[in-house]
Amino acid sequence: MRASLKDLKNAVNQVKLLKKDPGNEVKLKLYALYKQATEGPCNMPKPGVFDLINKAKWEAWNALGSLPEETARQNYVDLVSSLSSSSESSSQVKPGADKEHAGYGTLVVTSEDGITKIMLNRPTRKNAISTQMYQEIILALKAASQDDSAITVLTGNGDFYCSGNDLTNVTDTPLGGIEEKAKNSTNLLRDFVASFIDFPKPLIAVVNGPAVGIAVTLLGLFDIVYASDRATFHTPFSHLGLSPEGCSSYTFPKIMGPTKATEMLTFGKKLTAREACAQGLVTEVFPDATFQKEVWTRLTAYAKLPSNVLRISKQVIRSMEKEKLHSVNVEESSIVQERFLSKESMNAVMNFLSKRAKL
Ligand SMILES: CCCCCCC/C=C/C(=O)SCCNC(=O)CCNC(=O)[C@H](O)C(C)(C)COP(=O)(O)OP(=O)(O)OC[C@H]1O[C@@H](n2cnc3c(N)ncnc32)[C@H](O)[C@@H]1OP(=O)(O)O
């Protein structure tokens, strides 16, 4: 059942009773969701640069875009309920209770009911993957591969699933110059993709909104992909002077055939969720209004199956491909390293950054 207005009111009261201050970032998130749930999309003029607090509030609300009011209400209630349980669990850890894993700056990682959920948590940047986020996802997958959950889920916070590689990643050039930056970045890219290839349990993508770039290509390495009907799938590599990664040069032609894969990966054709489902990249599409409820109900049931059997089935289905996927990953990463240094790629990034600066 979706959260009602009464649930929202109760959750607002619950916030006042929290034992632990949830911190400014979470408070901003609560503010934005409340405004979206009660007033709809942000309709206020952007406050001036020196009005720091109101500007931060405005940005958090505005970042929710056209998120429907009922979804914002549900997200508010869910967030408060997770805060209440984590504030309880800090004083008394109940076996099997929702457990938030500490130590991540760009992710929220929780384990509950046999499911480890890794949520990308940079909603104001549309969950773009910063260098820190690449490193934290590698760590979170490593930890999830060893915990006692049956399945692992990757999803996004806010209105986007993920806007792909953070295009500002290239701006902090090390002493060794741009060549060293390209080498370090593509080593990280290779290790990041390898951690998906090697992940031993069922890995499920809950695609809550648009996905771009590497967030799309990686989907070929997931075991199930559920998408909201609001999600889109876009790989603008040629527009960025880049080449396909995430093993997509191998998985996409296998999944959808070489010509459809070429339209996406070479020509940057953006697919709707239904088109992506028809082409086999997405397992099932759900209406956005019921997406979270339907998906989590189903996953909770799946996670009750014996976890060792789920692991074994995944190995049986995927193990034959592993060696091939690793060699594709190494090859793709080395081509991306060259592309990073190309004029087309540098110009595309500079273009993006200068457009941002003018806003
Ligand atoms: C270290 C290893 C690296 C190896 C990887 C190499 C291979 C590359 C893989 C890729 O993923 S390529 C794809 C990269 N992604 C993009 O090109 C997307 C760029 N962003 C956009 O096109 C748009 O922002 C959007 C995602 C379509 C959203 O548009 P919308 O109008 O809804 O919101 P915005 O106002 O544009 O975004 C809000 C805020 O977020 C910033 N942002 C969004 N995406 C990124 C990003 N990928 N990198 C950095 N920043 C991003 C955007 O600039 C806005 O910031 P402010 O202007 O508010 O400061």
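The structure this text deals with has already been given above.
The model shown is predicted, which means the values in this text are computed figures rather than measured ones. (Residues numbered from 1 in each chain as written. Predicted model: local features only at pLDDT ≥ 70, side-chain atom pairs only at ≥ 80, totals over all residues. Heavy atoms only, no water.)

**Topic: a nonpolar patch on the surface**
Then step 1. Side chains of Ile178, Leu341 and Met346 sit close together on the surface and give an oily, nonpolar patch of about 190 Å² of accessible area.
Then step 2. Structurally, Ile178 can be placed in helix 6 (residues 177–197).
Then step 3. Accessibility expressed as a relative area gives 31% for Ile178, which makes it partly exposed. (Patch = residues over 30% accessible without salt bridge, like charges linked within 9 Å, V, L, I, M, F, W, Y side chains within 5 Å. Areas by Shrake-Rupley, 256 points an atom, 1.4 Å probe, with all protein chains shown as cover. Salt bridge = Lys/Arg side-chain N within 4 Å of Asp/Glu carboxyl O. Helix = DSSP H or I, 4+ residues; strand = E, 2+ residues; numbered from the N terminus. Buried < 20%, exposed > 50% of the residue type's maximum accessible area, 1.4 Å probe, protein only.)

**Regarding helix 2 (residues 24–39)**
Then step 1. The terminal C-alpha atoms of helix 2, which comprises 16 residues, lie 22 Å apart, in line with the 22 Å expected from a rise of 1.5 Å per residue.
Then step 2. Turning to helix 2, its buried residues number three or more, namely Val26, Lys29, Leu30, Ala32, Leu33, Lys35, Gln36 and Ala37.
Then step 3. Gly40, located one to two residues past helix 2, shows a positive phi value of around 85 degrees. (Expected span 1.5 Å × (residues − 1).)

**Some thoughts on the site of the ligand**
Then step 1. Taken together, 24 residues surround the ligand, and among them Ser163, Asn165, Leu167, Ile214 and Arg356 come closest.
Then step 2. At 3.0 Å from an oxygen atom of the ligand is found a side-chain nitrogen or oxygen belonging to Arg125.
Then step 3. Ser163 has a polar backbone atom sitting 2.9 Å from a nitrogen atom of the ligand.
Then step 4. In the complex, 76% of the free accessible area of the ligand, which totals 1100 Å², lies under the protein chains.
Then step 5. Of all the elements in the fold, those that place two or more residues in the shell around the ligand are helix 6 and helix 13 (343–358).
Then step 6. Looking at the shell around the ligand residue by residue, the class counts come to 13 nonpolar, six polar and five charged. (Near = heavy atom within 4 Å. Polar contact = N/O pair within 3.5 Å; in protein donor to acceptor, adjacent residues only side chain to side chain. Nonpolar A, V, L, I, M, F, W, Y, C, P; charged D, E, K, R; others polar.)

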